[in-house]
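# Understanding the architecture of this molecule
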Amino acid sequence: MRAIAGALSAAPIGFAAGAFLGGRYLVIQGGSPGSGILLGALVVALLAAIAMGVVTAYLPPKPARVTTIVAGGISFAILVYMVQDFVVHRVERARAFDAAYARIPSFELTLASTDRQRRPFSVLHFKADRQSDTRDYEALRPKGWFCFGGGRPVDALALYQGIRAAEKDSIADGACGRRATWRIADEEPVTERCAAEGDGFTALFAAADEMIDSTQRYASCRQATDLQLRQGTDTIES
């Protein structure tokens, strides 16, 4: 029991130390930040728990209890700090998102691909209305499915940022397999921009794909009519 109590009291200390070391060394060496920090934290937490368990198992009862209580107090303080830091970070992120989302005007966006079986969509029309705070979309999906759905605020922000990034991409020449059209409130509309190249258009399509994938279970879908299929083709080829 002393060994188990000692191991539990030292594990949070090892976790915090491992997270610090992982963030300082593993991430710098080119690893993924999240996986590097978590890996370091878990390894050091395990080592600390084993070491403390061994120490408290061989110490006399009274020193073992004192050592466990001291380690437990330090662990409790670390846990309180980590939870507080996590909550503060989440609150700051929420405030930053709310501020960025509040600056988005109403806008409409149409994305189209010549690949009719492109996943998760080949044609997408998205409309964000700030007055009604709605984010509706219509999408032509593989195998002729026509879907109506609603995006999340994070989707609207990502699409708007993608448009702003795409505005900086150079205009591609030659054949074009993807096109984008958008209209932002109080601005000149952009029609049928080739979206086959450029980091901005890549981010824009990635944001649209994420929206369709994350909201598809709530979307209403039915087989597209011939007219809807032709309209989708016209959008792509115009």
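Residues numbered from 1 in each chain as written. Predicted model: local features only at pLDDT ≥ 70, side-chain atom pairs only at ≥ 80, totals over all residues. Heavy atoms only, no water.

This part is about the side chain of S122. Positionally, S122 belongs in the loop between β1 (107-113) and β2 (123-129). Once residues lying within four places of it in the same chain are set aside, the contact partners of S122 are L111, A112, S113, D115, R116 and L140. (Helix = DSSP H or I, 4+ residues; strand = E, 2+ residues; numbered from the N terminus. Contact = heavy atoms within 4.5 Å.)

This next bit is on the sheet that holds β1. Taken in spatial order, the 7 strands make up an open sheet running β6-β5-β1-β2-β3-β4-β7, and their pairing is antiparallel. One side of each edge strand has no neighbouring strand; the edge strands of this open sheet are β6 (190-194) and β7 (220-223). Adjacent strand axes in the sheet meet at a mean angle of 10° when their direction is disregarded. Running over the sheet, helix α4 (residues 153-166) touches β1, β2, β3 (134-141), β5 (178-184) and β6 and is turned about 75° from β1. (Pairing = 2+ DSSP bridges. Axes fitted to C-alpha atoms, helices over the stretch in contact; angles between N-to-C directions.)

It is at 10 Å that the axes of helix α3 (residues 61-102) and α4 come closest, and there the two elements cross at 60°. Considered as vectors, α3 and α4 are oriented oblique to each other. Both α3 and α4 take part in a crossing whose hand is left-handed. Between α3 and α4, the contacting residues are F97, A100 and Y101 on the first element and P153, V154, A156 and L157 on the second. Taken together, the residues that form the contact of α3 with α4 break down as 7 nonpolar, no polar and no charged. (Parallel < 35°, antiparallel > 145°, perpendicular 65-115°, else oblique. Left-handed = near helix turned anticlockwise from the far one by under 90°. Nonpolar A, V, L, I, M, F, W, Y, C, P; charged D, E, K, R; others polar.)

Let us look at helix α5 (residues 199-215). An ideal rise of 1.5 Å per residue puts 24 Å on 17 residues; α5 measures up with 24 Å between its terminal C-alpha atoms. Listed in full, the buried residues belonging to α5 are G200, F201, L204, F205, A207, A208, D209, M211, I212 and T215. (Expected span 1.5 Å × (residues − 1). Buried < 20%, exposed > 50% of the residue type's maximum accessible area, 1.4 Å probe, protein only.)

For the rest of this paragraph, the subject is the pairing of strand β4 (residues 145-150). Across 6 bridges, the pairing between β3 and β4 is antiparallel. Within the sheet, the bridge partner assigned to R141 lies in β4 and is W145. Linking β3 to β4, which pair antiparallel, is a turn of 3 residues; within it K143 sits at a positive phi near 65°. Pairing of β4 with β7, which is carried by 4 bridges, proceeds in the antiparallel orientation. The residue bridging C147 from the neighbouring strand is C221, located in β7.

With that out of the way, let us pick up the packing of aromatic side chains. All chains considered together, the criterion is met by 6 aromatic pairs. Arranged with centres 5.7 Å apart and planes meeting at 40°, the rings of F107 and F126 form a pair that is tilted. Of this pair, F107 sits in strand β1 while F126 sits in strand β2, and the two are 19 residues apart along the sequence. As far as burial versus exposure is concerned, F107 and F126 are alike and both buried. Ring centres of F146 and F148 lie 5.1 Å apart, and the angle between their planes is 80°; this geometry places the pair in the edge-to-face category. The exposure class assigned to F146 is buried, which follows from its relative accessible area of 11%. Take F148: its relative accessible area is 29%, and that puts it in the partly exposed class. Ring pairs connect the aromatic residues F107, F126 and Y160, which therefore count as one cluster. Note that R118 overlies the ring of F121, its terminal NZ or CZ placed 4.8 Å from the centroid. Taking the ring centre of F205 as reference, the NZ or CZ of R178 above it sits at 4.1 Å. (Phe/Tyr/Trp six-rings, centres within 6.5 Å; stacked < 30°, edge-to-face > 60°. Lys NZ or Arg CZ within 6 Å of the ring centre and 35° of its normal.)

Among the surface-exposed residues, L46, I50, V54 and Y58 lie close enough to one another that they form a single nonpolar patch of about 470 Å² accessible area. For L46, a relative accessible area of 52% gives the class exposed. (Patch = residues over 30% accessible without salt bridge, like charges linked within 9 Å, V, L, I, M, F, W, Y side chains within 5 Å. Areas by Shrake-Rupley, 256 points an atom, 1.4 Å probe, with all protein chains shown as cover. Salt bridge = Lys/Arg side-chain N within 4 Å of Asp/Glu carboxyl O.)

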